[in-house]
Amino acid sequence: MRSSLQSYRKVSLESEIAVASPHRIIQMMFDGALQRIAQSRYAIENNDLANKGIFIGKAIGIITGLNNSLNMEAPGEVSKNLSDLYDFMLRRISEANLNNDVQALDDVSSIIRTIKEGWDAIPPEQHHIDSHASAI
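Residues numbered from 1 in each chain as written. Predicted model: local features only at pLDDT ≥ 70, side-chain atom pairs only at ≥ 80, totals over all residues. Heavy atoms only, no water.

### Re the overall build of the protein
Argument step 1. Of regular secondary structure, the protein possesses six helices and zero strands.
Argument step 2. Along the protein, helices and strands appear, N-terminal first, in the series α-α-α-α-α-α.
Argument step 3. When burial is assessed residue by residue, the protein has 34% of its 136 residues classed as buried.
Argument step 4. For the protein, long-range pairs separated by at least 24 residues make up 61% of all intrachain contacts whose partners lie at least 6 apart in sequence.
Argument step 5. In the form shown here, the protein has an accessible surface area of approximately 8,100 Å², with 54% of it arising from carbon and sulfur atoms. (Helix = DSSP H or I, 4+ residues; strand = E, 2+ residues; numbered from the N terminus. Buried < 20%, exposed > 50% of the residue type's maximum accessible area, 1.4 Å probe, protein only. Contact = heavy atoms within 4.5 Å. Areas by Shrake-Rupley, 256 points an atom, 1.4 Å probe, with all protein chains shown as cover.)

### With respect to helix 3 (residues 49-68)
Think of an α-helix as 3.6 residues a turn; residues three or four steps apart then line up on the same face.
Argument step 1. Taking 1.5 Å of rise per residue, the 20 residues of helix 3 would be expected to cover 28 Å, and the 28 Å separating its terminal C-alpha atoms lies within 8% of that figure.
Argument step 2. Buried within helix 3 are the following residues: Lys 52, Phe 55, Ile 56, Ala 59, Ile 62, Ile 63, Leu 66 and Asn 67. All buried residues of helix 3 project into a common sector of 140° when viewed along the axis, lining one side. Seen from the buried face of helix 3, the exposed residues on the opposite side, beyond 90 degrees, are Ala 50 and Asn 68. (Expected span 1.5 Å × (residues − 1). Arc of directions from axis to C-beta.)

### What to know about the environment of Gln 126
Argument step 1. Relative to the assigned elements, Gln 126 resides in the loop between helix 5 (102-120) and helix 6 (132-135).
Argument step 2. The exposure class assigned to Gln 126 is partly exposed, which follows from its relative accessible area of 36%.
Argument step 3. It is 9.0 Å that separates the C-alpha atoms of Gln 126 and His 23, two residues lying 103 residues apart in sequence.

### Overview of the side chain of Ser 40
Argument step 1. Turning to its location among the elements, Ser 40 is positioned in helix 2 (residues 22-45).
Argument step 2. Separated by 2.8 Å, the side chain of Ser 40 and the backbone oxygen of Arg 36 make a polar contact.
Argument step 3. Apart from residues no more than four positions distant in its own chain, Ser 40 is found in contact with Lys 52, Phe 55, Ile 56 and Leu 105. (Polar contact = N/O pair within 3.5 Å; in protein donor to acceptor, adjacent residues only side chain to side chain.)

### Observations regarding the packing of helix 2 against helix 3
Working note: a packed helix pair is described by the angle between its axes plus the distance between those axes.
Argument step 1. At a minimum axis separation of 8 Å, helix 2 and helix 3 run at an interaxial angle of 155°. In terms of orientation, helix 2 and helix 3 fall into the roughly antiparallel class. Helix 2 and helix 3 meet at a crossing whose hand is left-handed. Across the interface between the two elements, Ile 26, Met 29, Phe 30, Gly 32, Ala 33, Arg 36, Ile 37, Gln 39, Ser 40, Ala 43 and Ile 44 of helix 2 pack against Asn 51, Lys 52, Phe 55, Ile 56, Lys 58, Ala 59, Ile 62, Ile 63, Gly 65 and Leu 66 of helix 3.
Argument step 2. Grouping the amino acids of the contact of helix 2 with helix 3 by side-chain chemistry returns 13 nonpolar, five polar and three charged. (Axes fitted to C-alpha atoms, helices over the stretch in contact; angles between N-to-C directions. Parallel < 35°, antiparallel > 145°, perpendicular 65-115°, else oblique. Left-handed = near helix turned anticlockwise from the far one by under 90°. Nonpolar A, V, L, I, M, F, W, Y, C, P; charged D, E, K, R; others polar.)

Here it is in structure tokens:
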């Protein structure tokens, strides 16, 4: 049953990604990062080291993807500032992994939520922007 549910979720996610705008994909990445960090936190609290590693690895992959999607050619400092924040978050997640530090994960979640709130507030007429740094 669990395997069927996971397969359904995977197909559902793949279907949503196939038709999603770039703006929506970034929203989904923020949501995914928050979910994986919460799962990492739960695994640390329950001394579930195997799942901690899996979920932290997934969170790192998502945040790296967000960092790689930045348009570093965009005018202004937004892209650089976001890149610096993503680098900081990756360091904090690594610290959380090494030290089983849930506060480090809480710090990262807080930063992601703040960035996501800004992203979610972008008016629909600006959703066509290619990079999430260009639109903020």
